[in-house]
Amino acid sequence: MRPLGALSLVALLATTVNGLAIREPVSKDWYQHATFYQIYPRSFLDSNGDGIGDLAGITSKMKYLADIGIDATWLSPPFKSPLKDFGYDVSDFYAIQPEYGNLTDFDKLVEESHKNGIKLMLDFIPNHSSDQHEWFVKSVVRDPEYSDFYVWRPPATGGGPPNNWISVFGGSAWTYNQARGEYYLHQFTPQQPDLNYRNPKVLAEMTKMLFFWLDRGVDGFRLDAINHMFEDEQFRDEPLSGWGQPGEYDSLDHIYTKDIPDVYDVVYNWRDQMDKYSAEKGRTIILMTEAYSSIEGTMLYYESADRKRQGAHMPFNFQLIYDFKKEQNAVGLKSSIDWWMNNMPARHTPSWVAGSHDHSRVASRVGLDRVDQVMTLLHTLPGTSITYYGEEVAMQDFKEAQQFDNRDPNRTPMQWDSSTSAGFSTNTNTWLRVHPDYARYNVDVMQKNPQSTFHHFQHLTKLRRHRTMQSGEYVHKTVGTKVYAMLRELRGEDSFLTVLNMAGAEDTVDLGDFVNLPQKMRVEVAQPNSKSKAGNEVDISKLTLGPYDSVVLRATVSTAAAINLSIGLLLAIMARYIFV
């Protein structure tokens, strides 16, 4: 009876162990853990001394981007444009803006990018073109092929615009064209007429352009202002929102000009075509969408409500821009992160955007004393991080540089060194003025200082390539209202605990609620002015954090491995005893 009982017990143990077996994490594609870097071509590096950044300048800095841990970069539009909205008003989707170079220069950029292991994305503007685009010029004169390429409407009864729609920049979204005798729709500036996607020829032409650039080697696209692509077919007036001044964009509830369901079908169809192209070429092409929408509307860019169709690989997530502010506390920060993660469909990738060409820079939004803290959070959250050029050296907005647009202050030339024009150009007259603090905040100065934002950024991007950071689970908590903590863990790998003090005063915190962590942990990354130092051992029950401090702590796998080994030995001893 004893052998039978022993076998039964062993079988039971085996069944139990197998029942508790943890599956291996799904292998992730490159974009799911990439460190992205946005480049504004006009401001990155001028290679020919005309005071304007160009493609050759970007090409020359690809090794720099690789050295700071960048996996992918996306360019704001380099296409030919009259620059009424600095590239977001495209007059030829097949050509490069002459100030930036030509197609040969672009091909060199792609080649150098891939040589350095960096994916290259393009900012694509599907909603509109320039009013100088050949299509619009022909549409004005009612060329049969292009007459319906744009959204035209006759004046309202009694004259004036067809309805009450308002442009994103304020004022009527309609402009009268004398030559055609009709109004055309422009949800942005009058120089950016909306394309008419009710005309299937328009969609076919824009899709054709995507493949033109894919065949030149690009790795995907950011789809700009995607949720404006369609509008109500009946052109009904939009209701008042109840706030904002008359004539301002926010004064209307945009139920007829944004988030029309047809938009999602276009994105899903483009995703199907990208996936097919990816399979044929053996490289993953991705789509990223920019849409200022409701959380429900935004999540539909990931996939359809019935989960049968896939959309963008990553909709842009601007929560860190909106919610990580000077007055934010730990509870608010956790809530902001949960807002995205709790709504995101299963098995998708979150993106985290710290800055962009449309938003104030990190240093100006939260203060220079918190830039490093934002970088710590950005690069240890699960998913994709997206950094705007110059954030790695804490560049700030320069209000006095405003010349063309109220976003000019955050688009000033990149600060490379302390020489003429911050090393951006040999020309003292640059397209926008260089920030006067460039002698202090630049790449060259910070590279020479081990305790700088630059090196902090570099340490974090290196850490992002650890398997735990790429594939591990995350659990986050607050300790009171001041301290935010996030654990990244993966079976068989080291664990990492990110800790942020959101208060402007020193605090000693007990992190013992993370029950799977050892009492002692090693500091893996500490921001330059931290109370902790990389390599030091700390007690998690009494971790001291300075004002606006941030650290990443590491628990080595040996602690967890010892537990697994103990269980294995116990099973082996029991089996041996039973069979003896």
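Residues numbered from 1 in each chain as written. Predicted model: local features only at pLDDT ≥ 70, side-chain atom pairs only at ≥ 80, totals over all residues. Heavy atoms only, no water.

S.K.: Would you mind going over helix H5 (residues 103-115) in detail, with residue names and values included?
M.R.: The first and last C-alpha atoms of H5 sit 18 Å apart over 13 residues, in line with the 18 Å expected at 1.5 Å per residue. Every buried residue belonging to H5 is among Phe 106, Leu 109, Val 110 and Ser 113, and all of these are buried. For H5, the angular spread of buried residues about the axis comes to 100 degrees, placing them on one side. Residues Glu 111 and Lys 115 are exposed on H5 and point more than 90 degrees away from its buried face. Contacts from the buried residues of H5 go to helix H3 (55-60), helix H4 (62-67), strand E2 (72-75), strand E4 (92-96), strand E5 (119-124) and helix H7 (200-214). Among the residues of H5, the N-terminal cap falls to Asn 102, whose side-chain oxygen and the backbone nitrogen of Thr 104 are separated by 3.0 Å. (Helix = DSSP H or I, 4+ residues; strand = E, 2+ residues; numbered from the N terminus. Expected span 1.5 Å × (residues − 1). Buried < 20%, exposed > 50% of the residue type's maximum accessible area, 1.4 Å probe, protein only. Arc of directions from axis to C-beta. Contact = heavy atoms within 4.5 Å. Polar contact = N/O pair within 3.5 Å; in protein donor to acceptor, adjacent residues only side chain to side chain.)

S.K.: Which residues make up the pairing of strand E15 (residues 483-489), and what are the values?
M.R.: Extensive coverage of E15 is indicated by the burial of six of its seven residues. Sheet topology note: the strand E14 (residues 473-479)/E15 ladder contains seven bridges and is antiparallel. Bridge assignment links Thr 478 to a residue of E15, and that residue is Tyr 484. As paired strands, E15 and strand E16 (residues 495-501) are joined by six bridges and run antiparallel to one another. Pairing of Ala 485 across the sheet is with Val 499, part of E16. Here E15 hands over to E16 after five residues, with Gly 492 in that stretch at a positive phi of 85 degrees. (Pairing = 2+ DSSP bridges.)

S.K.: A description of the sheet that holds strand E8 (residues 182-185) should follow, citing residues and the corresponding values.
M.R.: With antiparallel pairing, three strands are arranged side by side in an open sheet as E6-E8-E7. Only two strands of the sheet have a single partner each, and these edge strands are strand E6 (152-153) and strand E7 (174-177). As paired elements, E6 and E8 share two bridges and run antiparallel to each other. Paired with Arg 153 across the two strands is Tyr 183, which belongs to E8.

S.K.: Can you lay out the pattern of salt bridges for me, pointing to particular residues and giving the numbers?
M.R.: All told, the structure shown has 29 salt bridges when counted by the stated rule. Between Asp 219 and Arg 283 there is a salt bridge, with the nearest N and O atoms lying 3.3 Å from each other. Placement of the pair is Asp 219 in the loop between H7 and strand E9 (220-223) and Arg 283 in the loop between helix H8 (262-281) and strand E10 (286-289), with a sequence separation of 64 residues. Residue classification places Arg 283 among the partly exposed positions, given a relative accessible area of 23%. Between Asp 358 and Arg 411 there is a salt bridge, with the nearest N and O atoms lying 3.4 Å from each other. In this pair, Asp 358 sits in the loop between strand E12 (351-353) and helix H12 (362-366) while Arg 411 sits in the loop between strand E13 (384-388) and helix H14 (443-447), placing the two residues 53 residues apart along the sequence. (Salt bridge = Lys/Arg side-chain N within 4 Å of Asp/Glu carboxyl O.)

S.K.: With reference to specific residues and values, describe the layout of surface pockets.
M.R.: Each pocket or cavity is described by its volume, and for the second largest pocket that value is around 430 Å³. Looking at the second largest pocket, it is lined by 20 residues, and the ones nearest its centre are Val 168, Phe 188, Glu 290, Tyr 292 and Asp 358. Its residues assigned to classes, the lining of the second largest pocket shows eight nonpolar, six polar and six charged. Here the lining of the second largest pocket spans two domains, since at least three of its residues come from each of domain 1 (35-126 + 200-224 + 259-376 + 384-448) and domain 2 (128-196 + 228-256). (1 Å grid on protein atoms, 1.4 Å probe; cavity = no way out; pocket = protein on both sides within 12 Å on 5 of 7 lines; lining within 4 Å. Points joined across faces, edges and corners; volume = space filled by probe spheres on them. Nonpolar A, V, L, I, M, F, W, Y, C, P; charged D, E, K, R; others polar. Domains from an automatic or database assignment.)

S.K.: Can you explain the pairing of E8? Please cite residues and give values.
M.R.: Of the two faces of E8, both are covered, the one formed by Glu 182 and Tyr 184 as well as the one formed by Tyr 183 and Leu 185. Connecting E7 to the next strand, E8, in antiparallel fashion are four residues, including Gly 181 with a positive phi near 80 degrees.

S.K.: An account of the packing of aromatic side chains is requested, with residue identities and associated values reported.
M.R.: Under the defined criterion, the tally for this structure stands at 39 aromatic pairs. Their ring planes at 80 degrees and their centres at 5.0 Å tell us that Tyr 94 and Phe 212 sit as a pair that is edge-to-face. Pair noted here: Tyr 94 is in strand E4 and Phe 212 is in helix H7, with a separation of 118 residues, a long-range link. With a relative accessible area of 26%, Tyr 94 lands in the partly exposed category. Here Tyr 292 and Phe 318 contribute two aromatic rings whose centre-to-centre distance is 4.9 Å and whose plane-to-plane angle is 10 degrees, an arrangement assigned as stacked. Within this pair, whereas Tyr 292 is found in the loop between E10 and helix H9 (295-299), its partner Phe 318 is found in the loop between strand E11 (314-315) and helix H10 (319-323), the two being separated by 26 residues in sequence. You can call Phe 318 buried: its relative accessible area is 5%. Grouped by ring-pair contacts, the aromatic residues Phe 79, Phe 93, Tyr 94, Phe 106, Phe 124, Phe 212, Trp 213 and Phe 221 constitute a single cluster. Over the ring of Trp 416 we find Lys 61, and its NZ or CZ is 4.2 Å from the ring centre. The aromatic ring of Tyr 389 is capped on one face by Arg 361, whose charged end is 4.6 Å from the ring centroid. (Phe/Tyr/Trp six-rings, centres within 6.5 Å; stacked < 30°, edge-to-face > 60°. Lys NZ or Arg CZ within 6 Å of the ring centre and 35° of its normal.)

S.K.: Talk me through unusual backbone geometry; I want residue IDs and the actual numbers.
M.R.: For Asp 259, which is not glycine, the phi dihedral falls at a positive 60 degrees. Note that Asp 259 resides in the loop between E9 and H8. On the basis of relative accessibility, which here comes to 26%, the residue Asp 259 falls in the partly exposed class.

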